[in-house]
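For reference, the chains in residue letters:
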Amino acid sequence: MSDYTPPMDDIAFVLTHLCDIEDLSKLEPFTHADPATILGVIEEAGRFMASAIAPLNHPADKQGLTFADGVITTPDGFKEAYAQYVEAGWGAVPFDPEYGGGGFPWVVGVAMQELLTTASMAFSLGPLLTQGAIDMLQHHSSADQKAVYLPKMVTGEWTGTMNLTEPQAGSDVGALITKALPAADGTYRISGQKIFITFGEHDMADNIVHLVLARTPDAPPGTKGISCFIVPKYLVEEDGALGERNGVSCVSIEHKMGIHASPTCTLAYEDAVGFLVGDENEGMRYMFTMMNNARLSVGLEGLALAERSHQQAVAFAKERLQGRAVGAEPGTQSPIIEHADVRRMLLTQKALIEAMRGLMYLNGRSIDLAKHHPDEAVRQEHAEIADLYTPLSKAWGTDTGLECTSLGIQVHGGMGYIEETGAAQHFRDARIPLIYEGTNGIQAMDLVGRKLPMRGGAVVGEHLDRMAATAEVLTGSADEDLAAIGVRLAEGVDACREATGWLLEHGLAEPNDALAGSTPYLRLLATVTGGWVLGREALAARREGADEPESFRDAKVVTARFFAENLLPSALGLVHAVSSGAAPLYAYPLFV
């Protein structure tokens, strides 16, 4: 089993050339965060994640959790590593300095989250949910609520959760029935049951701040009648000290396919004291702030698990002797990395990883520009870009992460199916991100139903124009590699235009036809976007005066050309899947 080596050169390349952190550092909130400082912080974070957390990943998966009498004990080393994480302040880096944060760009937090999740996805889920809860409270809670909860949550001393799902209300959140009754003191009493609550109970933090969706009396039905409440595990006294235990308890934990070291809880609320966030019946809108934040984070899980799987597969392929490679001495065995098909699998992983990383970091950059650029027009442009990229990051990132971890097992051969190698854990852990924070089917419906219609399709159209412009630059290059990438990228953009036009024309008249084509459309658009990302990286690698070593830059171009000629063409056939309509889905007799 290989150790984890943070891919600092790859991360720095994306931040420098795609995300232009030098330009970001000129924005008002980030003037203290020049590129050298940003890269230094990320490098030090990588060292911490690799040394303090990554070694826990496989042992914690084997050990799992202990649950007794409502108390969860995390695996050996988790509590100590989390204390080090909090002491070092890693969770605070991208948050508001007013509440103890470091005030760095969000894209820096994205990079640090990749490092943390690659080290251990199970461990990372606590900080991930806390991050989303902080973001929601920053946007929608009162000044007093922020003062009470955010400083401790930003440091990580207290963690946060998202409580949506109930036994009868999964993706259909509007079906939830948890009740919130007003009390004389202005608080509410929360009663009901929530399931699948990640880190809903654990032993790593002093307090857990649950954000709970519930219904007040006489609330309208469906999502329009949902309110959001802060329900802390321990009530907080006026002086900030922890008070009595609130009426929330963990009644069971789930026994899962993967992420064995992450507690997934059923929580029972019995007249628990809750504090209304914002206005009644606005909870679903508030929670979408947290969910959109979390959807990019979940996409990063696909990237992170693919990276860990790839590193292990490369190390194994260099050591495993099997067969005789072409040109090897007769009677000898060759490392399997010398076989063409193994190299194909490894380069497929690498190309997909780099495409994912570029897309998700650009997503983070757009979030920064949407919030902090001084020009309103630029803020609006990047808010739209972030809206468009989020379902691509979440769905394509997690689909692709699963494919990459499956390839990692295949490279290992039979040993990949044996738990002791650790290759299977990455695959098991990679399965859940396709489901939570809105299944990938929901992401596809969001793309076609909400994001594609933005400004009458102009937001997607402008994205296609940007990709076409890059393809034109590549195609016009005298560099054979760049020109070849440009030709394939141009074909991909044309396919996206055809599919987009069909959906815009037919989607309103026959919504089921559009929904039936939504998943192949998302994969088509995301794959071509991945090719665009790598095309831009290839251009940056060939730019005169580039600082990176020549071998590193050459590798970027090889990766981009491999993606363009081996992975991008497979997406072009999806145009027909997008436009085939829903009739076969409803005509199949055995589904009647």
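Here the structure is shown first, and the text comes after it.
Notes on the structure in this doc start here. This structure is a prediction, so every number in the text was calculated from the model and none was measured.

A short note on the pattern of salt bridges
A side chain with one charge may pair with a side chain of the opposite charge, provided their charged atoms come close.
Turning to step 1, where the next piece is worked out: Counted according to the given criterion, the structure contains 32 salt bridges.
Turning to step 2, where the next piece is worked out: Between R357 and E114 there is a salt bridge, with its nearest N and O atoms 2.8 Å apart. With R357 in helix α10 (residues 340-372) and E114 in helix α6 (residues 106-119), this pair connects stretches of sequence that are 243 residues apart. Neither R357 nor E114 differs from the other in exposure class; each is buried.
Turning to step 3, where the next piece is worked out: Here D185 makes a salt bridge to R189, at a shortest N to O gap of 3.9 Å.
Turning to step 4, where the next piece is worked out: Since its relative accessible area comes to 54%, D185 is described here as exposed.
Turning to step 5, where the next piece is worked out: Accessibility expressed as a relative area gives 25% for R189, which makes it partly exposed.
Turning to step 6, where the next piece is worked out: A network of salt bridges, in which partner residues are shared, links D479, E480, D481, R542, D554, R561 and E565.

Focus on the packing of aromatic side chains
Turning to step 1, where the next piece is worked out: The final tally for this structure, using the stated rule, is 10 aromatic pairs.
Turning to step 2, where the next piece is worked out: Taken together, a centroid distance of 5.2 Å and an interplanar angle of 75° make the contact between F78 and F123 edge-to-face. Here F78, found in helix α5 (residues 78-88), pairs with F123, found in helix α7 (residues 121-140); they are 45 residues apart in sequence, far enough to count as distant.
Turning to step 3, where the next piece is worked out: A ring pair is formed by F95 and W106, whose centres lie 5.6 Å apart and whose planes are at 75°; its orientation type is edge-to-face. Of the two residues, F95 sits in the loop between α5 and α6 while W106 sits in helix α6, which places them 11 residues apart along the sequence.
Turning to step 4, where the next piece is worked out: An aromatic cluster is defined as three or more aromatic residues linked by ring pairs; in this entry it consists of F78, Y82, Y85 and F123.
Turning to step 5, where the next piece is worked out: If you follow R245 out to its NZ or CZ, it ends over the ring of Y234, 5.7 Å from the centre.
Turning to step 6, where the next piece is worked out: Its guanidinium or amino end placed over the ring of W106, K371 lies 5.7 Å from that ring's centre, counting from NZ or CZ.

Some remarks on the side chain of E548
Turning to step 1, where the next piece is worked out: Assignment of secondary structure puts E548 in the loop between α17 (518-541) and α18 (550-572).
Turning to step 2, where the next piece is worked out: R553 is the oppositely charged side chain nearest to the buried, salt-bridge-free E548, at an N-O distance of 4.9 Å.
Turning to step 3, where the next piece is worked out: A distance of 2.9 Å separates a polar atom in the side chain of E548 from a polar atom in the side chain of H17.

Here's the deal with the pairing of strand β4 (residues 179-182)
Turning to step 1, where the next piece is worked out: Looking at chain direction, β4 and strand β5 (residues 188-198) are connected through four bridges and run antiparallel. For L181, the partnering residue across the bridge sits in β5 and is R189.
Turning to step 2, where the next piece is worked out: Where β4 hands over to β5, the hairpin turn is made up of five residues, of which G186 adopts a positive phi near 90°.

Describing helix α8 (residues 143-155)
Turning to step 1, where the next piece is worked out: Relative to the 18 Å expected for 13 residues at 1.5 Å per residue, α8 spans 18 Å between its end C-alpha atoms, a close match to the ideal helical length.
Turning to step 2, where the next piece is worked out: Taking the largest bend as the criterion, α8 deviates by roughly 40°, centred on Y149, and proline P151 comes between one and four positions later.
Turning to step 3, where the next piece is worked out: Three or more residues of α8 are buried, namely Q145, K146, Y149, L150, M153 and V154.
Turning to step 4, where the next piece is worked out: On its buried side, α8 packs onto α7, β3 (158-163), β6 (207-214), β7 (227-232), β8 (234-236) and β11 (264-276).
Turning to step 5, where the next piece is worked out: Following α8 by one or two positions, G156 adopts a phi angle in the positive range, close to 95°.

Considering the nonpolar core
Turning to step 1, where the next piece is worked out: Counting 157 residues, the largest nonpolar core has I42, M49, Y361 and Y521 as its most contacted members.
Turning to step 2, where the next piece is worked out: With residues up to four places along the chain from it excluded, the contact list for M49 reads A54, Y85, W90, M112, L115, L116 and A119.
Turning to step 3, where the next piece is worked out: Within the second largest apolar cluster, 18 residues are counted, among which are Y188, A214, F229 and C265.

Conventions used here
- Residues numbered from 1 in each chain as written.
- Predicted model: local features only at pLDDT ≥ 70, side-chain atom pairs only at ≥ 80, totals over all residues.
- Heavy atoms only, no water.
- Salt bridge = Lys/Arg side-chain N within 4 Å of Asp/Glu carboxyl O.
- Helix = DSSP H or I, 4+ residues; strand = E, 2+ residues; numbered from the N terminus.
- Buried < 20%, exposed > 50% of the residue type's maximum accessible area, 1.4 Å probe, protein only.
- Phe/Tyr/Trp six-rings, centres within 6.5 Å; stacked < 30°, edge-to-face > 60°.
- Lys NZ or Arg CZ within 6 Å of the ring centre and 35° of its normal.
- Lys, Arg positive; Asp, Glu negative; His and termini not counted.
- Polar contact = N/O pair within 3.5 Å; in protein donor to acceptor, adjacent residues only side chain to side chain.
- Pairing = 2+ DSSP bridges.
- Expected span 1.5 Å × (residues − 1).
- Bend = angle between axes of the 7 residues up to and from the residue.
- Contact = heavy atoms within 4.5 Å.
- Core = buried A, V, L, I, M, F, W, Y, C linked by side-chain atoms within 4.5 Å.

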